[in-house]
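Structural characterization, general
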Number of protein chains: 2
Amino acid sequence: MNSQKKQFSDSDIPSEFEIIKRFFRPLAIDNKASLGLKDDVALLQFYQPSQIILTADAVVAGVHFFPQDPPDLIARKALRVNISDLAAKGAQPLGYLMTIAIPAGTSQFWLENFAAGLKIDQHEFGISLLGGDTVSTPGPLTISITAIGLLPNQVRLPQRCHAQIGDIIGVSGTIGDAALGLQVLKGRIKIDSQQNNNFLKDRYWIPRPRLNLGMELVKHGMIHAMMDISDGLLGDLKHICNASSVGAEVDSAAIPLSSAALAAYQLDPDILPIILTGGDDYELLFTTSPDSWPIIERFGQKLGVPINKIGHIISGSELSVLDKDGKNYPIEQKGYQHF
Amino acid sequence: MNSQKKQFSDSDIPSEFEIIKRFFRPLAIDNKASLGLKDDVALLQFYQPSQIILTADAVVAGVHFFPQDPPDLIARKALRVNISDLAAKGAQPLGYLMTIAIPAGTSQFWLENFAAGLKIDQHEFGISLLGGDTVSTPGPLTISITAIGLLPNQVRLPQRCHAQIGDIIGVSGTIGDAALGLQVLKGRIKIDSQQNNNFLKDRYWIPRPRLNLGMELVKHGMIHAMMDISDGLLGDLKHICNASSVGAEVDSAAIPLSSAALAAYQLDPDILPIILTGGDDYELLFTTSPDSWPIIERFGQKLGVPINKIGHIISGSELSVLDKDGKNYPIEQKGYQHF
C-alpha cells in the first residue's frame, strides 16, 4: 500500500502514511502475501495450477451509503458486497486490496471504527488486507475493494450465460429485506414492530454473503447459472436471461419473504415492487436442472440456509411474474425500472 | 463489472450499464479472463505454479490531476502508475480491474476519450481490462485501478527491505522532470524554451513505467531492493532505508537530469528540492552489489534506458545528500518534508 502526495494543496492534512501505519497495517499482518503493506504490491504464490477469481466494487458516501452510517458497518458492507460476488462463483476468499479516498477532517475515531469493522469481517471470512492505497479527497468518502478468491481446479465457473430452458430458478434466504430496510431508514415505509424495523435495517447494513452454500453448490457441479442479487431479484434475473438468451417465469407467491417483510407487505401491498426490484439482497440467484433440485435442497438443509424454487427458465426472452392467482403481475407499472 | 444502483436520488443520470457497454466492454474483449465484463468477476487460470503480483492505486480529480486535464491522459496516468509498481517488481503485466466514480454530467465525449486513452495503453503494455465497477459520485472523478502481473517462478521479489550496506544506489532515466512539469502547469517556474516546457509537462502527464528494465533486472537476480519513484527520489530512498534499517549517502551531482531540468536548475538553483523530493518520476530506484553494477549498466545499454549510480547504502539510519563540493546539502531547510 502506498500513499500518494496531495499535490494541489499545501494544507496540513492528517498524514496518509500515519493512517496506513496505525489503522490499516494491523489488518495485513496475518497474511505474508501483503508484505506488511510496505512494498506497494502483494505477492500471491500458487504452488499448483489454480483458478483465481477477482472482483471489484466501489461504494461512495451519499450514493451507496449514508455518510452518517456507522463506520464499522460502512466498512463491512463495502467488503461483503465483494465477498458476495465470490460466493456467487463458489470461490474461497483469499484476501482483498482496498483503495480509500478519505475526506479532509475525517476523525481518528471514525478511522478506528472503520478499521475495527474490517477486522471483524476479516475474522469472519478468514481473509486479510493485502494491499491498496490511501488518498485524500475533496469529495465524499469513496471505497474501492478488489477481492481475490480461489476456485477449485476441477470445477467450472457458473456464469450468467449458463441458464438452460427447463431449469428451475432458485434463491437462497429471503428477498427484499435490505431494500425495505433502506426505506425504513429513509422513513418512507411503516413497519409493525421495532423488532422488524431493526431486522430490516440490519439486513440493509450487513449483507450475509452465502459463501458456504456457494462453494458447496459449485464444487458439486449442481449449478448452471448463478449470481448474487445486488441490483434486485428481477433485474438480476433479467441479466441471466439476457446473457443466456432465455426467458423466465417467476411465481411471485413463491418468493421467500422474512416475517418482517411479510408484515410490511400485509400492511401495504404496494411495496411489492420494492421487494422484487429493490436490490441489496446479496442472496444467491441460480438456475439448475430439475434433477438436481432435491440434492440442492439437501445442501441447503445441511448448511442451514433456506433455499426456495421461485420459477423456471423458458424459451424466448421475456421475464414474466405471476401473481398469486397465476395472472401476469404488471411489473412495469410498479416502478420497476431496471430493464 | 457490475453497476450499482444510485440509491439516494431519483434523478435520471446517464445509465451506468450503458457506460459499461459502450465504453468499457470493448476494452475487455481481448482477454477471455474478463468474461466480457458480464459476470461480476474475472477468472484467471494458471496451469502451473505461479507468482502473482497485485497492486492498487487510486487517483482523485483535484488531488492527483487537474479536473480539466485531457481525459485520455488522466486514464493513461491512472493505469501507468500501477504498471510502474509492477515494473519495480519485475512483473509482466496481465491486466487490470478498474472502479470509476463518475460525476453527474460527465459527457459522452469525455468518456470516449478516457476509454481511448486506456485502449492506447492496453496496446502499449499488452493488457486488457478484466473487471471492475462503474458508479456515480456527487464528488470528483475518482479512479481506482488494481493491476495484476506475473513474476517468473524462479525469481525472488525485490523488496524495500533488501538493501545491504555497501550497495550501490541506482536510478533509471532522469529525475525531477514530472515534478517540474507540475510546477510549469501551475505557472510557478520559468522554463527557457517551449520545447523544454512541453517535455516537462509530458513527463508529468505520461509516466513511462520501466517494465522491460525491471523484468530484466529481476529475472537475472541483479537487484537487492527496488521500488518505483512516486513520492520523490529522497522520500522513496528513505522508505528503502527505513525498511532495510540502513542509511544512504546520495551524491546530488550524480543525479541524472534531463536537459530541460538542467536548464531550469541553471535558471533557478532553488528548485533543487523540487527535483529531489517532488515525485511522480516513475523511474526505478534500486540497490545492488558493486559487483553487479557493470552488468546492470550493460542491461541498460541493451534496452536503451539510462542507468546512473547516485550513491551508496551505508550503516546507520541517516540519509545524507552531498552537494557538488561534497558538503551536506541541508535538505530539511529546503521544503523537504517527506520524512
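Basis of the calculations
For every chain, the first residue of the written sequence is number 1, and numbering continues from 1 onward in sequence order. Written order determines the labels here, with chains lettered from A and ligands numbered from 1. With the structure being a predicted model, the display of local features is reserved for residues of pLDDT at least 70 and the display and counting of side-chain atom pairs for 80 or more, all residues being used for whole-chain, interface and lining totals. Superposing the copies works by least squares over the C-alpha atoms of residues that have pLDDT at least 70 in both of them. Only DSSP runs of H or I reaching four residues or more are called helices, and only runs of E reaching two or more are called strands; each is numbered from the N terminus. Expected span, for any helix, means 1.5 Å times one less than how many residues it has. Each residue is represented by a C-beta atom placed from its backbone, and any two residues with such atoms within 7 Å are regarded as in contact. Any two strands are treated as partners once DSSP identifies two or more bridges connecting them. Note on geometry: axes are C-alpha line fits, over the in-contact stretch for helices, and angles between N-to-C directions span 0 to 180 degrees. Gly falls in the polar group here, along with every residue not listed as nonpolar (Ala, Val, Leu, Ile, Met, Phe, Trp, Tyr, Cys, Pro) or charged (Asp, Glu, Lys, Arg). In this scheme the crossing of two helices becomes right-handed for a clockwise turn of the near helix relative to the far one and left-handed for an anticlockwise turn of less than a right angle. Domain delimitation follows an automatic or database domain assignment. Here a nonpolar core is just a set of buried residues of the types Ala, Val, Leu, Ile, Met, Phe, Trp, Tyr and Cys, joined wherever their C-beta atoms sit within 7 Å. Exposure classes come from backbone-placed C-beta atoms, where a residue is buried if 20 or more other C-beta atoms lie within 10 Å of its own, exposed if 12 or fewer do, and partly exposed in between. It is the directions from the helix axis to the C-beta atoms whose arc is reported.

Here chain B sits on chain A after a turn of 180° about the axis and a move of 0.0 Å along it, with an RMSD of 0.0 Å. Considering both components of the superposition, the chain copies are consistent with a two-fold axis. Among all residues of chain B, the minimum C-alpha distance to the rotation axis is found for Gly139(B), at 2.2 Å.

Another aspect to go through is helix H3 (residues 108–125) of chain A. Residues and elements named next belong to chain A. Here H3 contains 18 residues, and its C-alpha end-to-end distance of 26 Å stays within 8% of the 26 Å for a straight helix at 1.5 Å per residue. At its buried positions, H3 is contacted by helix H1 (16–24), helix H2 (71–87), strand E3 (92–103), strand E4 (128–137) and helix H6 (211–219). Where H3 ends, the next residue or the one after it, Gly126, has phi of about 65°, a positive value.

This next bit is on the sheet that holds E3(A). Read from one edge to the other, the open sheet built from five strands follows the order E4(A)-E3(A)-E5(A)-E2(A)-E1(B), with strand pairing classed as mixed. Edge positions in the open sheet fall to E4 of chain A together with strand E1 (42–46) of chain B, since each of these has one partner strand only. Here the strands of the sheet are splayed against their neighbours by 15° on average, with no regard to which way each runs. Pairing geometry for strand E2 (residues 50–60) of chain A and E1(B), over five bridges, is antiparallel. Its bridge partner lying in E1(B), Ile52(A) is registered against Leu44(B). Most of the contacts of H2(A) go to strand E5 (residues 142–151) of chain A, to which it runs at about 30°, and overall it touches E2, E3 and E5 of chain A.

Once that is clear, we can look at the sheet that holds strand E8 (residues 247–251) of chain A. Residues and elements named next belong to chain A. The six strands are arranged E7-E9-E6-E10-E8-E11 in an open sheet whose pairing can be described as mixed. Only two strands of the sheet have a single partner each, and these edge strands are strand E7 (226–228) and strand E11 (319–322). Averaged over neighbouring strand pairs, the angle between their axes works out to 25° when direction is ignored. Looking at chain direction, strand E6 (residues 168–172) and strand E9 (residues 284–288) are connected through four bridges and run antiparallel. Bridge pairing in E9 links Gly170 to Phe286.

Taken together, the contact pairs 60 residues of chain B with 60 residues of chain A. Of all the elements in the fold, those that place two or more residues in the side of chain B that touches chain A are E1, strand E2 (50–60), strand E3 (92–103), strand E4 (128–137) and strand E5 (142–151) of chain B. With ten residues, the top contributor of residues to the side of chain B that touches chain A is E2(B). Grouping the amino acids of the side of chain B that touches chain A by side-chain chemistry returns 27 nonpolar, 22 polar and eleven charged.

Residues and elements named next belong to chain B. Contact pair helix H6 (residues 211–219) / helix H10 (residues 293–303): the axes reach a minimum separation of 10 Å and the direction vectors enclose 145°. Where H6 crosses over H10, the two elements pack in a sense that is right-handed. In this structure, H6 contributes Asn212, Leu213, Glu216 and Leu217 to the contact, and H10 contributes Ile296, Phe299, Gly300 and Leu303. Here the residues of the contact of H6 with H10 sort into five nonpolar, two polar and one charged.

Residue and element names in this part refer to chain A. Not every positive phi belongs to a glycine, and Asp40 is a case in point at roughly 70°. If you trace the backbone, Asp40 turns up in the loop between H1 and strand E1 (42–46). One non-glycine residue, Asp280, lies in positive phi territory at about 70°. Its location among the elements puts Asp280 in the loop between helix H9 (272–277) and E9.

Now for the domain arrangement of chain A. Residue and element names in this part refer to chain A. Taken domain by domain, chain A consists of domain 1 (16–151) and domain 2 (160–334). Relative placement of domain 1 and domain 2: their C-alpha centres are 27 Å apart. Each partner contributes residues to the interface: domain 1 has 14 residues there, and domain 2 has 17 residues. Sorting elements by how many residues they give to the side of domain 1 that touches domain 2 places H2 first, with nine residues. Residues of the side of domain 1 that touches domain 2, tallied by class, amount to six nonpolar, three polar and five charged.

Within soluble globular proteins, side chains that are nonpolar generally end up buried alongside one another. Tyr96(A), Leu237(A), Tyr96(B) and Leu237(B) are the most contacted members of the largest nonpolar core, which totals 213 residues. Not counting the four nearest positions on each side in its chain, Leu237(B) is found in contact with Ile169(B), Ala248(B), Val250(B), Leu285(B) and Leu319(B).

All names here are of chain B. Tracing the backbone through its elements, the reader meets Ile331 in the segment after strand E11 (319–322). C-beta crowding within 10 Å serves as the criterion here: with 20 such atoms nearby, Ile331 is assigned to the buried category. When the C-alpha atoms of Ile331 and Leu319 are compared, they prove to be 10.0 Å apart, with twelve residues separating the residues in sequence.

For the rest of this paragraph, the subject is helix H1 (residues 16–24) of chain B. Residues and elements named next belong to chain B. Within H1, the full set of buried residues consists of Glu16, Ile19, Ile20, Phe23 and Phe24. The arc that holds every buried residue of H1, seen down its axis, measures 105°, which confines them to one face. If you follow the buried residues of H1, they end up packed against helix H3 (108–125) and E4.

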